[in-house]
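Residue-level listing of the chains:
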Amino acid sequence: VQLVESGGGLVQPGGSLRLSCAASGFTFSSYAMSWFRQAPGKERELVAAAISAGGSTNYADSVKGRFTISRDNAKNTVYLQMNSLKPEDTAVYYCNALRRGVISTTTYWGQGTQVTVSS
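Since the structure is predicted, the reported quantities are computational estimates derived from the model, not experimental observations.

Student: What is the right way to look at the pairing of strand β3 (residues 17-24) in this model?
Tutor: Taken residue by residue, a regular strand's side chains alternate between the two faces of the sheet. As judged from the five bridges shared by strand β1 (residues 2-6) and β3, these two strands associate in the antiparallel manner. Across the sheet, residue E5 finds its bridge partner in β3, namely C21. Sheet topology note: the β3/strand β8 (residues 77-82) ladder contains six bridges and is antiparallel. If you follow A22 over to β8, its bridge partner there is T77.

What follows is the structure, given as structure tokens:
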């Protein structure tokens, strides 16, 4: 199983980045896909989630209207389009796959990609 994030980097405030997470080794369409982030000294927090069925999404209040999560089940990839970036968006961004079964829950994490918003 692999989740490989890409697209992070250094961007000025107000700029945009698009993160990608390529998945392999599991049935991608059966999993809810999410992006989390962790800033130095802070706990990891949910940024956005794309549920496997129905295409529903949800977002942290801090990113609503600025970030958009999308998934391409044919490419086994989930994206996070980040616009109007702020310095407080600086963090390591992690891709997560989650499937809640009747008996157990399965989850996978990527290695993370650094996003730095600074002038």
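Student: How should the nonpolar core be read in this particular structure?
Tutor: Nonpolar side chains in soluble globular proteins tend to end up buried together. Of all hydrophobic cores here, the largest spans 29 residues; its most connected members are W35, L80, M82 and Y93. Within the residue set of this core, elements represented by two or more residues are β3, β4 (32-38), β5 (45-50), β7 (67-72), β8, β9 (91-100) and β11 (113-117). Setting aside chain neighbours within four positions, we find M82 in contact with G15, S16, L17, L19, R66, F67, Y93 and V115.

Student: I tried to follow the packing of aromatic side chains on my own but got confused; where do I start?
Tutor: For any pair of aromatic rings, the description rests on two quantities: the centre-to-centre distance and the angle between the ring planes. If you walk through the whole model with that rule in mind, you get five aromatic pairs. Seen from their ring centres, F26 and Y31 are 4.7 Å apart, and the 65° between their planes marks the pair as edge-to-face. By relative accessible area, which is 13% here, F26 ends up buried. Note on F36 and W109: the rings are 4.9 Å apart at their centroids and 65° apart in plane angle, and the pair reads as edge-to-face. One end of the pair, F36, is in strand β4; the other, W109, is in strand β10 (residues 105-109), with 73 residues separating them in the sequence. Given a relative accessible area of 17%, F36 falls into the buried group. When its relative accessible area of 38% is taken as the criterion, W109 is described as partly exposed. An aromatic cluster is defined as three or more aromatic residues linked by ring pairs; in this entry it consists of F26, Y31 and Y108. Directly above the ring of Y94 sits R44, whose terminal nitrogen or CZ lies 3.7 Å from the centroid.

Conventions we followed
Residues numbered from 1 in each chain as written. Predicted model: local features only at pLDDT ≥ 70, side-chain atom pairs only at ≥ 80, totals over all residues. Heavy atoms only, no water. Pairing = 2+ DSSP bridges. Helix = DSSP H or I, 4+ residues; strand = E, 2+ residues; numbered from the N terminus. Core = buried A, V, L, I, M, F, W, Y, C linked by side-chain atoms within 4.5 Å. Buried < 20%, exposed > 50% of the residue type's maximum accessible area, 1.4 Å probe, protein only. Contact = heavy atoms within 4.5 Å. Phe/Tyr/Trp six-rings, centres within 6.5 Å; stacked < 30°, edge-to-face > 60°. Lys NZ or Arg CZ within 6 Å of the ring centre and 35° of its normal.

Coordinates in, geometry out; function isn't part of it.
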